[in-house]
Amino acid sequence: METRRIVDRGVKYILFISAMISIVIVFLIALFIFREGVEAFNTVGVRTMLFGKVWRPGQEQYGILAMILGSILVTIGAIVLGVPLAIGGAIFLAEVAPEGIQAVVRPAIQLLAGIPSVVYGLFGMVVLVPLVRKIPVPGNSGFGLLAASIVLAVMILPTIASIAEDAIRAVPQSYRQGSLALGATHWQTIVNVIMPAARSGIIAAIILGVGRALGETMAMIMVIGNSVLMPSPMTNNPLTLFLRQARTLTGNIAVEISYATGVHESTLFATGVVLFVLIMVVNISARFVMRERQAIH
Amino acid sequence: MMSDNKTIEIQHENILLQQKKSNLSLRHATQSAFFTILWIGGIITVLILLAVTGYVIFQGFKAIDLQFLITPPRGGLSGEGGISTTIGTTLYLVLLTIAIATPLGVGAAIFLVEYASDNNISSRFLKGMIGFSHFGVETLAGIPSIIFGLFGYALFVSTMKFGFSLLSASLAGACLVLPVIIRTTEEALLAVPRSYREGSLALGATKWQTIRKVVLPASLPGIITGIILSVGRVVSETAVFYVTLGGSYRMPKSIMSSGRTMALHLYYLAMDTRAFEKAMGTGAILILSIILINLLINFLSRRLTAGLRGVQ
Amino acid sequence: MNNTKLETKNYSMNYGSFRALEDINMQIPEKQVTALIGPSGCGKSTFLRTFNRMNDLIPGVWIEGEVTMEGKDIFEIDVVNLRQQVGMVFQKPNPFPKSIFDNVAYGPRANGLTDRNALAELVEHSLRGAALWDEVKDDLDKSGLALSGGQQQRLCIARALAVEPSVILMDEPASALDPIATLRIEELIRELRENYTIVIVTHNMQQAARVSDFTGFFYTGESRTGKLIEFDLTRNIFTNPADKRTEDYITGRFG
């Protein structure tokens, strides 16, 4: 009798310790990334790093502005290309598609969210890059922000579409019925009642997509060209900016970490800190939007 | 007064007339137009996704034969050979990662679900810790994988001197999949009806006996789903292992050996040697593994819901 | 005596292979209140939803027989048009998460009315019609969800009035409300009777007796298929029912 009470209590403490492991890991990650990065911030200086336009580790020039811009530009590109399709797809699946189509497409989208990013990257290298190269602009190599944006858009499409679809489905039936009973068409009901009611869920889906886009590493390295120069338009047409090769924060870390030492290595951790902070801001705003949504219902 | 009412009435009638004139066919036409756009959008979305996977599988199968699966890569910059050792490394790494992450994740979820709602936990300290833990899980789920890689590189590879090895990679990988296991296990535990627990406790079983004999068996399919999801994560992950696993194409001899998973191999083939056909072959195998994993998950979750419905 | 507004002839409704309603013949008189009563699951709500074709939303539903409004087959009328003419108030108040004004203006806007003054006039008229104007006239920008349950239900009635229907269907409109709010809704129903044909489903027999002119009693036997047992003046149903089952129900012997 007594032993099983002791076991009961012992188990509880063991479980408590495992429950704390996640917060411990978060703490350790923050600690290690910041600890290793602090040297760079001290020797190079936060301002020089964040706003420095030149990344030349051999000459001790460690500006990551070009990478920050690269990450932001490629994310914007992916959102512009991917979000309309993802939201349209979500509305289509939740409201318009016949059940047979839903039953096939939904698991397919779930599947695509799980395909390794290197596969998307490979597809980008083999199929997309040669296509982009056909755009007749001098110096266009095919590798660059445009190819990377397209690859990223395809990658975040399943994530955004499935979360947005959940948000649309979560809109109470009573709203839908109330609107239809007033003589609104199905489309009017979607536009005037369902989408406004699902808005925060859809915004949260987009923000999560942004988080995924900012964090993507390998597929970006494979198609973006990895140039460390500041992205700028290639001709008078400002849109040619997207034909430029660039590098993301994530790519900067992955490409150089294996051979970097000293201050150079530290600057890569500092790059990680910048990425970490960016992602945290994105995630916290997503959580904020989600919570607001729960408060409404 | 009388005439005032009258004008209001007339005005009202006019408004109603205005409303009655509403152009029904225009509204239907608008709906048809937008629904057509949605259909086209839906079809385009599906086509894009099909094109990517279809292309890789189709191209990949040109490179795949038995030889491809059972011979090791020849290494160097040749891109020659098969992928046998990378399959081995992937399995090895999956097993290690799951072995590390599962007990921790399942344990954490049990505590968060079964003990957090406990009335005994009145202490503010414990409540605060549970809040922290939930915050930890949510945060981990949002951290990009390259950060896990950096962390693994700094802690396991450098500080703890495990070097580029399966051990370092699986520890970093375990951090990556931990939130997946915790979340799915939590969901599975929450789906177990309260009456099960009460029935067992009423018979005089302790809390742990109740969990072990009643709650865990009932939630097992859900927990397994979480584990398989994590397997999928490890199989498709590249960034974390790129900076912790080293990349040797040889078969690992121990947990301290370096290695490369299929996904990593694909990356090296495409980037370093431009051996695109072999890369496509590897990609096709990867996609098939993911399809297999998804089928397993669908099968299990159907069994889970069927099982719970059956007993209720 | 009265013109018939809505009529069903040999009307049956099925969900797949399950027959929910069988062979219902009913003539609902214009500008009267008709109550549908019966034990839960007897199909009275399903029957009510026939008239604005809300059952169309349920997959696998098919019907037999005829349903007409002023002699016209309602399945030949465009469904959007039909729902403009046949408004509905649901069991649980379901205002949209929009302002009071936008809730009432929703239907007219869907119909293409954009003129601000006209909308304002229509909103006021409808809120007055639903006996809610005096309580909310200073708070038209407030969310409809911020109102009390009874006010929300009157807002939903106002919302239905704004599209100027000739019929209003009410599906247990007071079942989620407290007694005082219920009383106000009942008063309102009596007032609306002047201009609208009202069909109300209710669980509450006193309510049926208080508000309605005609009453239909629905009942299902073992088969779970709903049938109309008796339809008559409310006064007759409650004082002198023709069918034994009606008598048992209204005297509270079951249900």
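In case you missed it, the structure is sitting above this.
Quick notes on the rules
- Residues numbered from 1 in each chain as written.
- Chains lettered and ligands numbered in written order.
- Predicted model: local features only at pLDDT ≥ 70, side-chain atom pairs only at ≥ 80, totals over all residues.
- Heavy atoms only, no water.
- Contact = heavy atoms within 4.5 Å.
- Buried area = accessible area lost by both parts, 1.4 Å probe.
- Salt bridge = Lys/Arg side-chain N within 4 Å of Asp/Glu carboxyl O.
- Polar contact = N/O pair within 3.5 Å; in protein donor to acceptor, adjacent residues only side chain to side chain.
- Helix = DSSP H or I, 4+ residues; strand = E, 2+ residues; numbered from the N terminus.
- Expected span 1.5 Å × (residues − 1).
- Buried < 20%, exposed > 50% of the residue type's maximum accessible area, 1.4 Å probe, protein only.
- Axes fitted to C-alpha atoms, helices over the stretch in contact; angles between N-to-C directions.
- Parallel < 35°, antiparallel > 145°, perpendicular 65-115°, else oblique.
- Left-handed = near helix turned anticlockwise from the far one by under 90°.
- Nonpolar A, V, L, I, M, F, W, Y, C, P; charged D, E, K, R; others polar.
- Core = buried A, V, L, I, M, F, W, Y, C linked by side-chain atoms within 4.5 Å.
- Domains from an automatic or database assignment.
- Phe/Tyr/Trp six-rings, centres within 6.5 Å; stacked < 30°, edge-to-face > 60°.
- Lys NZ or Arg CZ within 6 Å of the ring centre and 35° of its normal.
- Pairing = 2+ DSSP bridges.

**Quick word on the interface of chain B and chain A**
For step 1, the next point in the chain: Of the residues lining the interface, 80 residues belong to chain B; the matching set on chain A comes to 77 residues.
For step 2, the next point in the chain: At the boundary of chain B with chain A, total buried surface from both sides reaches about 7100 Å², with 81% on carbon and sulfur atoms.
For step 3, the next point in the chain: Taken together, the connections running from chain B to chain A amount to zero salt bridges.
For step 4, the next point in the chain: There are 12 residue pairs in polar contact (both at pLDDT 80 or more) connecting chain B and chain A.
For step 5, the next point in the chain: By residue number, the principal contributor to the side of chain B that touches chain A is helix 2 (residues 24-63) of chain B, which donates 19 residues.

**Quick look at helix 5 (residues 124-142) of chain B**
For step 1, the next point in the chain: For helix 5 of chain B, built from 19 residues, the straight-helix expectation of 27 Å at 1.5 Å per residue is met to within 8% by its first-to-last C-alpha distance of 27 Å.
For step 2, the next point in the chain: Where helix 5 of chain B is concerned, the buried positions are B:Leu126, B:Ile130, B:Ser133, B:Gly136, B:Val137, B:Thr139 and B:Leu140.

**Looking at the packing of helix 3 (residues 65-96) of chain A against helix 2 of chain B**
For step 1, the next point in the chain: Packing of helix 3 of chain A against helix 2 of chain B leaves a shortest axis separation of 8 Å and a crossing angle of 115°. When the axes of helix 3 of chain A and helix 2 of chain B are compared, the pair comes out roughly perpendicular. In terms of crossing hand, the pair formed by helix 3 of chain A and helix 2 of chain B is left-handed. Between helix 3 of chain A and helix 2 of chain B, the residues in contact are A:Leu85, A:Gly88, A:Ile91, A:Phe92 and A:Val96 and B:Phe35, B:Leu38, B:Trp39, B:Gly41, B:Gly42, B:Ile44, B:Thr45 and B:Ile48, respectively.
For step 2, the next point in the chain: Of the residues in the contact of helix 3 of chain A with helix 2 of chain B, the class split is nine nonpolar, four polar and no charged.

**Points about the nonpolar core**
The nonpolar side chains of soluble globular proteins are, as a tendency, buried together.
For step 1, the next point in the chain: Ranked by size, the top nonpolar core spans 200 residues in total, and within it A:Ile29, A:Ile168, A:Met222, B:Phe151 and B:Tyr267 carry the most contacts.
For step 2, the next point in the chain: Of all the elements, helix 3 of chain A adds the most residues to this core, at 16 residues.
For step 3, the next point in the chain: Shared between two domains, this core takes at least three residues from each, and those domains are domain 1 (18-63) and domain 2 (66-311) of chain B.
For step 4, the next point in the chain: If near-sequence neighbours (up to four positions away) are discounted, A:Met222 is found in contact with A:Val118, A:Gly121, A:Leu122, A:Met125, A:Phe143, B:Leu266, B:Tyr267, B:Ala270 and B:Met271.

**Structural notes on unusual backbone geometry**
Leave glycine aside and you will find that most residues have negative phi; peptide bonds, for their part, are mostly trans.
For step 1, the next point in the chain: Here B:Arg274, not a glycine, exhibits a phi torsion of approximately 55°, which is positive.
For step 2, the next point in the chain: Along the chain, B:Arg274 turns up in the loop between helix 11 (262-273) and helix 12 (276-311).
For step 3, the next point in the chain: In this structure, C:Glu164 is a non-glycine residue whose phi angle is positive, near 55°.
For step 4, the next point in the chain: Within the secondary structure, C:Glu164 sits in the loop between helix 6 (149-162) and strand 7 (167-171).
For step 5, the next point in the chain: Taking the relative accessible area as the measure of exposure, C:Glu164 reaches 26% and is therefore partly exposed.

**Topic: the packing of aromatic side chains**
For step 1, the next point in the chain: A complete count under the given rule lists 23 aromatic pairs over all chains for this structure.
For step 2, the next point in the chain: Between C:Phe214 and C:Phe231, the ring centres sit 6.1 Å apart and the planes meet at 15°, which makes this aromatic pair stacked. Remark: C:Phe231 occurs in strand 10 (residues 226-233) and C:Phe214 occurs in strand 9 (residues 214-220); sequence separation between them is 17 residues.
For step 3, the next point in the chain: The class of C:Phe214 is buried, set by a relative accessible area of 9%.
For step 4, the next point in the chain: Positioned above the aromatic ring of B:Tyr115 is the side chain of B:Lys207, whose terminal nitrogen or guanidinium carbon lies 5.2 Å from the ring centre.

**Points about the pairing of strand 3 (residues 33-37) of chain C**
Residue and element names in this part refer to chain C.
For step 1, the next point in the chain: Most of strand 3 is tucked away, with five of its five residues classed as buried.
For step 2, the next point in the chain: Burial of the side chains of strand 3 extends over both faces: Val33, Ala35 and Ile37 are buried on one face and Thr34 and Leu36 on the other.
For step 3, the next point in the chain: Here four bridges tie strand 3 to strand 8 (residues 197-201), and the two strands are oriented parallel to one another. Its bridge partner being in strand 8, Val33 is matched across the sheet by Ile198.

**Brief notes about the packing of helix 4 (residues 84-115) of chain B against helix 9 (residues 207-236) of chain B**
Residues and elements named next belong to chain B.
For step 1, the next point in the chain: With their axes 9 Å apart at the nearest point, helix 4 and helix 9 run at an angle of 140° to one another. Between helix 4 and helix 9, the angle falls in the class oblique. Considering the relative orientation of helix 4 and helix 9, their crossing is right-handed. Two secondary-structure elements touch here, helix 4 through Thr90, Leu93, Val94, Thr97, Ile98, Thr102, Val106, Ile110, Glu114 and Tyr115 and helix 9 through Lys207, Trp208, Ile211, Val215, Leu216, Ile223, Ile227, Ser230, Val231, Val234 and Val235.
For step 2, the next point in the chain: In terms of residue class, the contact of helix 4 with helix 9 is made up of 15 nonpolar, four polar and two charged.

**Things to note about the pattern of salt bridges**
For step 1, the next point in the chain: Counted according to the given criterion, the structure contains 24 salt bridges over all chains.
For step 2, the next point in the chain: Two residues, A:Glu95 and A:Arg176, come together in a salt bridge whose shortest N-O distance is 2.6 Å. With A:Glu95 in helix 3 and A:Arg176 in helix 7 (residues 173-181), the pair connects residues that are 81 residues apart, well separated along the chain.
For step 3, the next point in the chain: With its nearest N and O atoms 2.8 Å apart, the salt bridge here joins C:Glu124 to C:Arg128. Of this pair, C:Glu124 and C:Arg128 both sit in helix 4 (residues 116-129), separated by four residues, roughly a single helical turn.
For step 4, the next point in the chain: Judged by its relative accessible area of 27%, C:Glu124 falls in the partly exposed class.
For step 5, the next point in the chain: Each of C:Arg19, C:Glu22, C:Glu64 and C:Lys227 takes part in one network of salt bridges that share partners.

No statement about biological role is implied by the geometric values presented.
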